[in-house]
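Here is how the chains run, residue by residue.
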Amino acid sequence: MKSVLSGVFALAACAVLAASEPLNPVVPFLAITGRPTEADVAAKVEALKADGFDQFLVYARSGLQYRYMGEEWLRTVEACCREGEKRGMKVWLYDEFNWPSGTCKGRVPALDERFRYSEWAVYPKAGGGYRWEIVYAPAGWVNVCEPEAMRAFIRMTHEVYEKRLAKYFASKTIPGIFSDEPGHPTDVKVGKDCARHFRRWIGMEDEYRAETGRDFRADVEAFLAGKGSSDVWAAYLRLMGRRFRTCYFDQIRAWCDKMGIFLTGHLISENWLTDSLLYNGDPLLALKGESLPGMDEIFSIADWNKWTEWLTLATVQHAAYRVGNGGLVELYACGPNDMTPARMRQMIWLCALHGVDHYLASMQVMDQRGLVEKHGYFSPMQNGQPWHGELRPLFDDAKCAAGLARRPGVVRHAAVRHPLSAAAQAVFKKTARPKLEDLLRAFDGGQLSVDLI
């Protein structure tokens, strides 16, 4: 890692690159907890500005005592926009209470049983053959592959903001909205004799027949009996990826494009090949549905041989370079959360090398209620840290990194195929997964840029 980053830090063009980014690209999450008044909001925004932040992202977190998306909540978000605009700051929105996105705090799946997350559970029958059952997730978990469910989510969240915050969309105070882990897995209860269970959506079997000319259930049962091909699962994941993209990302992206803002955020399990496919279908396709593709770098140990998320970085780079608007990384959840400015700087540069120019690198809370449920997620930049108030050199360096991330004419030394079909076999046959992460680490270690295809 040292060989790569030391050369980057020595860039003589740093000052020139920084000049192309007038705003500080380090953006804190502002978690709204308790019952803040408008005076509380004004004081918090003023403190962020005094600390050197030019942007912040407003989000509803555990400990919020206002009804999510109710009048008091909307008044608070409006106050954030008003106070930010007064100070020339950008105010990013978040589309959910906590996470994962798509539920409007559990209200969307409560509207209609079709909107609830469900899976097929396939059981062997005593006399031969198989029976199929629909298994529903607990209340509150949404089916992101159901278009009507996602239309309800947009009505209950995005369109409410559209009406309430119209002047701040018009003034460009709001640059984008963040969507968090919309394909998040949830446990469903199946019996011990369940042969396989997997995400279900209405119309799945018809889509499979149109794609392959074969019967989905027959192919699954032949596979389970040891007589069929694992190709059924590669086709299934491709169809899931397409469905996820069109139902979730494309619909929200259309609203964002209408409002003139970015759709950003990140997927779930980006760092693990098989899980990423299982939950997102086709992560490369999904992430290109965002106009500002994002990632989550949650480990941040920055150990070249162990924890660095090479697949996550390659995935966001694939999407960022193709969409062409840069990229975003959530770094605030990195552990441990007493992260020093030196480590934060290292992670910012590592992400910048992969085309990422926005850095969500801190969580600020209105009060400590937001740390009760998730107490480990303390901000590395908030009051109480020994370096608080002394971070402007880090922010200047982040501007330099952001300029590098947006550099034109990026050289790509090698193309590496994303092994969807082979990984699908690993998921459903429970065999060894392709070691894509190791290959990506080797390329980056050799200072060779990879284009994941």
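In what follows, the structure referred to is the one given above.
Since we're looking at a predicted model, the values are computed, not measured.

Rules used throughout
- What you see as residue numbers is a count from 1 along each chain, following the sequence as written.
- The predicted nature of this model means local features are confined to residues of pLDDT at least 70 and side-chain atom pairs, given and counted, to a pLDDT of 80 or more, with totals for whole chains, interfaces and linings taken over all residues.
- Computation of side-chain values covers all heavy atoms of the structure but excludes hydrogens and water.
- In this description a helix means any DSSP run of H or I spanning at least four residues, a strand means any run of E spanning at least two, and both kinds are numbered starting from the N terminus.
- Each radius of gyration is computed over the set of C-alpha atoms, and the globule rule expresses the reference value as 2.2 Å times the number of residues to the power 0.38.
- Only protein chains enter the area calculation, which uses a 1.4 Å probe; residues under 20% of their type maximum are buried, those over 50% are exposed, and those in between are partly exposed.
- What makes two residues a contact is simply this: any of their non-hydrogen atoms within 4.5 Å.
- Working definition of accessibility: Shrake-Rupley area with a 1.4 Å probe, residue cover restricted to the visible protein chains.
- Under this definition, polar contacts are N or O atom pairs within 3.5 Å; protein pairs additionally need one hydrogen-donor-capable and one acceptor-capable atom, and for neighbouring residues in sequence, both atoms have to be side-chain atoms.
- Here, any two strands with at least 2 DSSP bridges between them count as paired.
- Looking down the strands as they point away from you, a crossover is right-handed if its path from the first strand over the helix to the second goes clockwise.

Caption draft 1: Up close: the overall build of the protein. Counting secondary structure elements, the protein contains 19 helices and 13 strands. Computed over its C-alpha atoms, the radius of gyration of the protein comes to 23 Å, within 12% of the 22 Å expected for a compact globule of 453 residues. Oriented by its inertia axes, the alpha-carbon framework of the protein measures out at about 70 × 55 × 40 Å. Considering the protein as a whole, with its 453 residues, one finds that 58% of them fall into the buried category. Sequence-distant contacts, at least 24 apart, represent 80% of the contacts inside the protein between residues at least 6 apart. Carbon together with sulfur atoms contributes 52% to the accessible area of the protein, which is approximately 17,800 Å² in total.

Caption draft 2: Spatial organisation of helix α6 (residues 147-156). Among the residues of α6, Ala 149, Met 150, Ala 152, Phe 153 and Ile 154 are the ones counted as buried. Contacts from the buried residues of α6 go to α5 (107-111), α7 (158-164) and α11 (231-259). Two or three places before Glu 148, at the start of α6, stands the capping residue Glu 146, its side-chain oxygen 3.2 Å from that residue's backbone nitrogen.

Caption draft 3: Looking closely at the pairing of strand β3 (residues 90-94). Burial analysis of β3 places four of its five residues in the buried class, which makes it a mostly covered element. Judged from the three bridges that link them, strand β2 (residues 55-64) and β3 form a sheet pairing that is parallel. Within the sheet, the bridge partner assigned to Gln 55 lies in β3 and is Lys 90. Regarding the hand of the β-α-β motif, the stretch spanning β2, helix α4 (residues 71-86) and β3 is right-handed. Here β3 pairs with strand β6 (residues 176-180) via two bridges, running parallel. Directly across from Leu 93, in β6, lies its bridge partner Ile 177.

What is shown is where atoms sit, not what they do.
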